[in-house]
Structures are given as structure tokens and as C-alpha cells.
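# Reading the structure
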Amino acid sequence: MDAQGVLHAVSLHAHPSSSKPLSTTQLRFSNPLLDLQKSLPTSPKTLRTTTTFPRIRAAISRTKKEETVEVVRQQLENCYLIAGINYQGLTVKQFQELRSSLPESVKLIVAKNTLVQKAVEGTPWEALEPCMKGMNAWMFVHTEEIPGALKQYRNFQKEKKLDTNDYTGAVFEGKFYAPTEFKALETMPTRAEIYAKFLGTLQGPSSSLVSTIQAPARDIVMVLKAYVKKLEEEGSGQ
């Protein structure tokens, strides 16, 4: 059978009621590749628009990361302690309740470890590196009352029974404290206790003053700072 006969047979199969064969222009075969090509945008302007979207998304993502790093750097100012908290499994409601329970001097920020690490690079806070893993919420303490700040989360943790959502580590005065060492931070004397201790030392026998001087340098500095601040407050009140 020649080509004309094939066309005639196909046309009769497609239109059995018609005895007139379809012409080659009327007979159309589906070509998937051709159909796909026709569905693609052919205008150069359209092509530029479709290829621009990924670049825009990448730029927005980069901007958000830079903003997060800047926010963390701002929190480093006048910061006395930074602690990481494992927030994996916390609900949005629990996280909001936690934030509202903290005093104004304590800020809680959720940021990727890599971004926090970039923000603290070149500062004493680099000591946070051991807890730069997992899902961390970062607590920035802007008060010398360290035990009180840490206690706020301990109370919340106990109330909500979040045993697995513990502190992952902290840095205070350039030193890293592992979760097992938090007792030293949570039992530090308060400012009122420091005042009482220093005043008692001044009013007591010389042996008490000697024992205070022989205490760790950090404790002496804290005592002196507290005493100086007390004198300044008394002077401004006159």
C-alpha cells in the first residue's frame, strides 16, 4: 500500500461514515515535544521574569539572615550572660507564654546557631560554641541578677513539665558553663546579699575582711561594684 492509501485508511478509521479521505493538512498527529515547546514562554521578557524569581527569593533570604545577625549583635550590648535553651517540641503557645513570663531585662530570641555564631565572632561570647548544635532559643540577660533571670525559666520548665527542654549552656564573664555547671550560676549571691556581706565585713573584725580579700577575684569585684553603686545611689538621693 502506498502513502496515499495509508492516509485514506487512517481517514476512514477516524471518520467511518465519510467516504472522503482527509487531506494531509487535515490529519494532525500529536507530538509531545512540540506541544511542550509551544507551552513554554517564547518572549525574552517573559523568560527574564520567570528566571528572576529565584534571585529575588535568595536576596530576601540573605537580607533576613543579615537582619537576624544584627539583632543578635544589638543584644550583646550591656549583656551579662547568654544562655541557650533547647526549644525542640515547644508549641507556639508555650513559647509565647515563656516570653511573656520573662522580665524586660531578659530577651529571648530564636536564631540559627550559624547566625548566632557569626554575630559573636571575635567577641568573648565565642565561648558559646559548645552549645551551637540542636534547636536553640537564646536568652540574653541584661541584668547583674543572674540567678533571678535563670530562675524564671526554671519555674516555667517545672510548671510545664519540660524536663527535656533544658539549658544547653551559657557564657558568663567569658567562661562557658555546661548544663551540669548551672548550679554555680543559679546560686550566685544577689545584690542585696552582696551588700549585706560587704557591710558586715566592714563592721566586723579584721579577720572577716582578710577572708573576703582572699575570696576569688570575681566575687571581690562583684562586692566592690555593688558597694560603689550603693554609695552612688545614696549620694544622688541627697
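Preceding this paragraph is the structure being described.
These numbers come from a predicted model, not from an experiment. (Residues numbered from 1 in each chain as written. Predicted model: local features only at pLDDT ≥ 70, side-chain atom pairs only at ≥ 80, totals over all residues. Heavy atoms only, no water.)

A sheet is described by the order of its strands in space; here five strands give the open sequence E2-E3-E1-E4-E5, paired in antiparallel fashion. Edge positions in the sheet fall to strand E2 (106-110) and strand E5 (175-177), since each has one partner strand and no second. Between one strand axis and the next, the sheet turns through 20 degrees on average, direction left out of account. Bridging between strand E4 (residues 167-172) and E5 involves three bridges; their strand directions are antiparallel. Counted as the bridge partner of phenylalanine 172 is lysine 175 from E5. (Pairing = 2+ DSSP bridges. Helix = DSSP H or I, 4+ residues; strand = E, 2+ residues; numbered from the N terminus. Axes fitted to C-alpha atoms, helices over the stretch in contact; angles between N-to-C directions.)

What follows deals with helix H6 (residues 146-159). A rise of 1.5 Å per residue sets the reference length of H6, with its 14 residues, at 20 Å; its end C-alpha atoms lie 20 Å apart and thus fit the reference within 8%. Every buried residue belonging to H6 is among Ile146, Pro147, Ala149, Leu150, Tyr153, Phe156 and Gln157, and all of these are buried. Contacts from the buried residues of H6 go to strand E1 (81-86), helix H4 (92-101), E2, strand E3 (136-141), E4 and helix H7 (182-186). Where H6 terminates, the next one or two residues include lysine 161, which has phi positive at roughly 55 degrees. (Expected span 1.5 Å × (residues − 1). Buried < 20%, exposed > 50% of the residue type's maximum accessible area, 1.4 Å probe, protein only. Contact = heavy atoms within 4.5 Å.)

With that out of the way, let us pick up the environment of asparagine 113. Topologically, asparagine 113 is positioned in helix H5 (residues 113-119). Since its relative accessible area comes to 13%, asparagine 113 is described here as buried. Between the C-alpha atom of asparagine 113 and that of glutamate 129, which follows or precedes it by 16 residues, the distance is 9.0 Å. If we skip the residues at most four places from it in the chain, asparagine 113 touches Met132, Lys133, Gly134, Asn136 and Trp138.

Side chains that are three or four residues apart share a direction in an α-helix, a result of its 3.6 residues per turn. For H4, the full list of buried residues reads Gln94, Phe95 and Leu98. Buried positions in H4, seen along its axis, are confined to an arc of 100 degrees and lie on one side of it. The outward face of H4, more than 90 degrees from its buried face, is lined by the exposed residues Val92, Lys93, Gln96 and Ser100. Considering only its buried residues, H4 is in contact with E2, E3 and H6. (Arc of directions from axis to C-beta.)

This part is about the side chain of glutamine 157. Relative to the elements of secondary structure, glutamine 157 occurs in helix H6. Taking the relative accessible area as the measure of exposure, glutamine 157 reaches 8% and is therefore buried. A polar contact is formed between the side chain of glutamine 157 and the backbone oxygen of asparagine 165, at a distance of 3.2 Å. When sequence neighbours within four positions are dropped, the list of residues in contact with glutamine 157 reads Leu162, Asp163, Asn165 and Asp166. (Polar contact = N/O pair within 3.5 Å; in protein donor to acceptor, adjacent residues only side chain to side chain.)

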